[in-house]
Amino acid sequence: MGRLSKKRLRILHTNDLHSQLENWPSVTAWLKRRRSEAIANGESVLLFDIGDHADRVHPMTEGLMGKGNVILLNEMKYDAITIGNNEGITFSRDDLNSMYENKNFPVVVCNLFDESGSIPPWAVPYEILTTDNGIRVGITGATVPFKMFYKTLGWDIKDPFDLLKEVVDKLKPEVDILICLSHLGLFEDERLAEEIPCFDYILGAHTHHVLHEGKKINNTWINQAGRSGKYAGEIALTLTETNGKLSLNTEYVESVLLDLLEKDKETEDTIKKLTQKGERELSSSEVVYLNDPMEVSWYNSTPLIELLAQGLREWCEADIGMVNAGVLLDNLPTGKVTFKDVHRICPHPINPAAVMISGEGLLEIIRQAQKKEMVEFPLKGFGFRGKILGEMIFSGLDISNNASYIQDKDVFIHGESLDKNRSYKLATVDMFTLGKIYPAISSIKEKTYFMPEMLRDILAWKLRNLVT
């Protein structure tokens, strides 16, 4: 009989937490339990995160600029992670460079470079991990290439496919198993499995799919575990060596719905301390003292949302400012207003943007924005963390007619009638330049993004200069 040996490995993975830290103690409780069970069963264990762990919607992430999220990953002894777009393009380059200073794990991303062409000092294009039982696991990672956003921040993000092929050519002869940590989205993962069939496993993220039993394309398994810490991924495999030849058997691939009532007390305590620290940082920056409250309405114009629309117009040096009232989530009370308050009412990772648009296109937007279904539209994604879009508010533009169908003669730009044939510079929010919310904006090829400033930075800037 030939010589035979078997080695078992459990892979645990998370993705797209988006700083919903109320669920993280449930995630860690499950991870700790599954890791202990696997070790007791004689298996090696590897733990990966596939990006968008940090989301500046949470005061801990905002106040500590992502470093609190790294502490949480350190505490769980992650073996490797990659970054998502929330890490990559919602933090300034300096903040991203400092975020991982105290990490205890490799950040694996092969398609991000600085302007000189060097990979960031905190990142590696790949890593070879050797498990306790001697399995050599090759890890590479890639993040979604939002080129214009990265370029504005001073990064050079490249298309991942060519770079992944180069990495695979280097890694494949050196490892027993090849894994890609992919923050590219499920559809790109499927393409990846077709075009680079050398990967044994693609652990995915970004599009928030839940693959309850994974998805197999050719010999590659894909898995993705939803969003917000409601699911986690698990893979069990056996590597068998017979007379020097290796064979891989995947026992199961699944995404598990977690029990959110099960909490890890140690994690809860850490989150509480980190959140308090983040909130202290945010509270230390006083913005303004208000003699009277400033109220918010999603259905009407108020001085506070008008201030933000004006701020957008001035910051982007535009003819018109345009913002939806739903971006402000709560009122500002009388008294001292700190940056913690501004973050609380405007937590979205959304940047100012500007486009040159024709008067005709502008008229189309005004008409579309007035529709009841647009005002009440419950937008999900694109950085929006509110409930509904709300009323569209303009600065530098007035509408003289409350009729259901606005005409060009009803619209005035700084006192002059709208000219359908003229181009205007429109300052707005970046989410309107993406997707199909407002095609008259998203279809424009030339867009300017103002980064790393977010809407709340513009609002704080205007409030600081407010005479009350």
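Keep in mind the model is a prediction, meaning the values are calculated, not measured.

So, on to the state of the cysteines. Under the definition given, this model contains zero disulfides. Residue C110 stays outside any disulfide, its sulfur separated by 7.1 Å from that of C180, the closest cysteine. The thiol sulfur of C198 is not disulfide-bonded, and the nearest other cysteine sulfur, from C180, lies at 12 Å.

Here the focus is the side chain of E87. Relative to the assigned elements, E87 resides in helix α4 (residues 85–89). The side chain of E87 is buried and forms no salt bridge, while R385, the nearest opposite charge, is found at 10 Å. Only 2.8 Å separates the side chain of E87 from the backbone nitrogen of D52, close enough to count as a polar contact. Other than its neighbours up to four places away in sequence, E87 contacts G51, D52, H53, A54, L96 and Y100.

Taking a probe equal in size to a water molecule and rolling it over the atoms shows the remaining empty space. Of the pockets and cavities examined, the largest pocket occupies roughly 730 Å³. Surrounding the largest pocket, 26 residues form its lining, G381, F382, G383, F384 and R385 being those nearest its centre. With three residues, the top contributor of residues to the lining of the largest pocket is α4. When the residues that make up the lining of the largest pocket are grouped by side-chain class, the tally is nine nonpolar, 11 polar and six charged.

Definitions and cut-offs
Residues numbered from 1 in each chain as written. Predicted model: local features only at pLDDT ≥ 70, side-chain atom pairs only at ≥ 80, totals over all residues. Heavy atoms only, no water. Disulfide = S-S within 2.5 Å. Helix = DSSP H or I, 4+ residues; strand = E, 2+ residues; numbered from the N terminus. Buried < 20%, exposed > 50% of the residue type's maximum accessible area, 1.4 Å probe, protein only. Lys, Arg positive; Asp, Glu negative; His and termini not counted. Salt bridge = Lys/Arg side-chain N within 4 Å of Asp/Glu carboxyl O. Polar contact = N/O pair within 3.5 Å; in protein donor to acceptor, adjacent residues only side chain to side chain. Contact = heavy atoms within 4.5 Å. 1 Å grid on protein atoms, 1.4 Å probe; cavity = no way out; pocket = protein on both sides within 12 Å on 5 of 7 lines; lining within 4 Å. Points joined across faces, edges and corners; volume = space filled by probe spheres on them. Nonpolar A, V, L, I, M, F, W, Y, C, P; charged D, E, K, R; others polar.

By themselves these figures say nothing about function.
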